Each structure stands twice: as C-alpha cells, then as structure tokens.
Amino acid sequence: MTTGERKLFDDFKRELSENPIMGLNFFGNMDKVELDNIGDLTARNRLIDEAKNKFICQHLGIRYRKEDFEVSDEDWAKEWAKGLPDKV
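An account of the accompanying structure is given in this report. (Residues numbered from 1 in each chain as written. Predicted model: local features only at pLDDT ≥ 70, side-chain atom pairs only at ≥ 80, totals over all residues. Heavy atoms only, no water.)

**Brief notes about the overall build of the chain**
Point 1. Broken down by element type, the chain carries 4 helices and 0 strands.
Point 2. Each helix and strand of the chain, placed in order from N terminus to C terminus, yields the pattern α-α-α-α.
Point 3. Dimensions of the chain, computed from the C-alpha atoms along their principal axes, are close to 50 × 35 × 25 Å.
Point 4. Looking at the 88 residues of the chain, the share that counts as buried comes to 19%.
Point 5. Residue pairs in contact within the chain that sit at least 24 positions apart in sequence constitute 56% of those at least 6 positions apart.
Point 6. Counting only carbon and sulfur atoms, one obtains 52% of the accessible surface of the chain, whose full area is about 7,300 Å². (Helix = DSSP H or I, 4+ residues; strand = E, 2+ residues; numbered from the N terminus. Buried < 20%, exposed > 50% of the residue type's maximum accessible area, 1.4 Å probe, protein only. Contact = heavy atoms within 4.5 Å. Areas by Shrake-Rupley, 256 points an atom, 1.4 Å probe, with all protein chains shown as cover.)

Below is the structure:
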C-alpha cells in the first residue's frame, strides 16, 4: 500500500468511526464473517477487523495485502508506552 493509499484508507476509516450512521450503513452491506466456530474473542475481533479492512480497501479501489495491516508485538508495545509518564 502506498503512502497516499494509506492516508486515503485511514481518512475513510476515521470518517466511518466518527459518523456512526455512515459506518452502520457502510458495514451493513458487508457480507457477514463466519464466526460460529470461533470461541476466542481475540480471534473473532481480529477476523472482524480484517474483514472491515478488506471491505474498505475494496470500496476505495486499493489492493488489500494482509501485511499492510500487521503490527509486531514490539511495535504495539512501543506505541502503548508512548502514553506512559516518564520516570521521575
């Protein structure tokens, strides 16, 4: 995904989250993800997020690549740690 495509994706996803009616209308047209056999809540949420990302990419005409949305555990930890207060 190019930088321009990523910005387009992020802007559209933010617009969907800031306007709940638009988000409901948009994702209401999305085919349901089969989750009946998945008991793990984390796995369910990951599949739902992946399906939403694919649907947004399809809508925007962007080629979906799973690796464009993967973040390492170390990167997640660094991002989370940014919000912590500095040591005294």
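Having seen the model, we can carry on.
**Considerations on the nonpolar core**
Taken as a class, soluble globular proteins show a tendency for nonpolar side chains to be buried jointly.
Point 1. Core analysis: the largest hydrophobic core is formed by 11 residues, namely Phe9, Phe12, Leu16, Phe26, Met30, Ala51, Phe55, Ile56, Cys57, Ile62 and Phe69.
Point 2. Listing elements by their share of this core, those giving two or more residues are helix 1 (3–18) and helix 3 (41–60).
Point 3. Per element, the largest residue contribution to this core is 4 residues, and it comes from helix 3.
Point 4. When neighbours within four sequence positions are excluded, Phe12 is seen to be in contact with Met22, Phe26, Ile56, His59 and Leu60. (Core = buried A, V, L, I, M, F, W, Y, C linked by side-chain atoms within 4.5 Å.)

**A look at the environment of Asn37**
Point 1. Mapped onto the elements, Asn37 comes out in the loop between helix 2 (20–28) and helix 3.
Point 2. Sequence separation between Asn37 and Thr3 is 34 residues, and the spatial gap between their C-alpha atoms is 36 Å.

**Here's the deal with helix 3**
Point 1. Spanning 20 residues, helix 3 covers 29 Å between terminal C-alpha atoms, matching the ideal 28 Å at 1.5 Å per step.
Point 2. Looking at helix 3, one finds that the buried residues are Ala43, Glu50, Ala51, Asn53, Phe55, Ile56 and Cys57.
Point 3. On its buried face, helix 3 is in contact with helix 1 and helix 2. (Expected span 1.5 Å × (residues − 1).)

**Quick notes on the environment of Arg46**
Point 1. One can find Arg46 in helix 3.
Point 2. A relative accessible area of 45% places Arg46 in the partly exposed class.
Point 3. Through-space distance from the C-alpha of Arg46 to that of Ile21 is 23 Å; in sequence the pair is 25 residues apart.

**A look at the layout of surface pockets**
Point 1. Computed from the structure, the largest pocket encloses a volume of approximately 440 Å³.
Point 2. Looking at the largest pocket, it is lined by 14 residues, and the ones nearest its centre are Asp49, Asn53, Phe69, Glu70 and Trp76.
Point 3. Residue assignment for the lining of the largest pocket shows that the elements contributing at least two residues are helix 1 and helix 3.
Point 4. When residues in the lining of the largest pocket are grouped by element, the largest group, 4 residues, is from helix 3. (1 Å grid on protein atoms, 1.4 Å probe; cavity = no way out; pocket = protein on both sides within 12 Å on 5 of 7 lines; lining within 4 Å. Points joined across faces, edges and corners; volume = space filled by probe spheres on them.)

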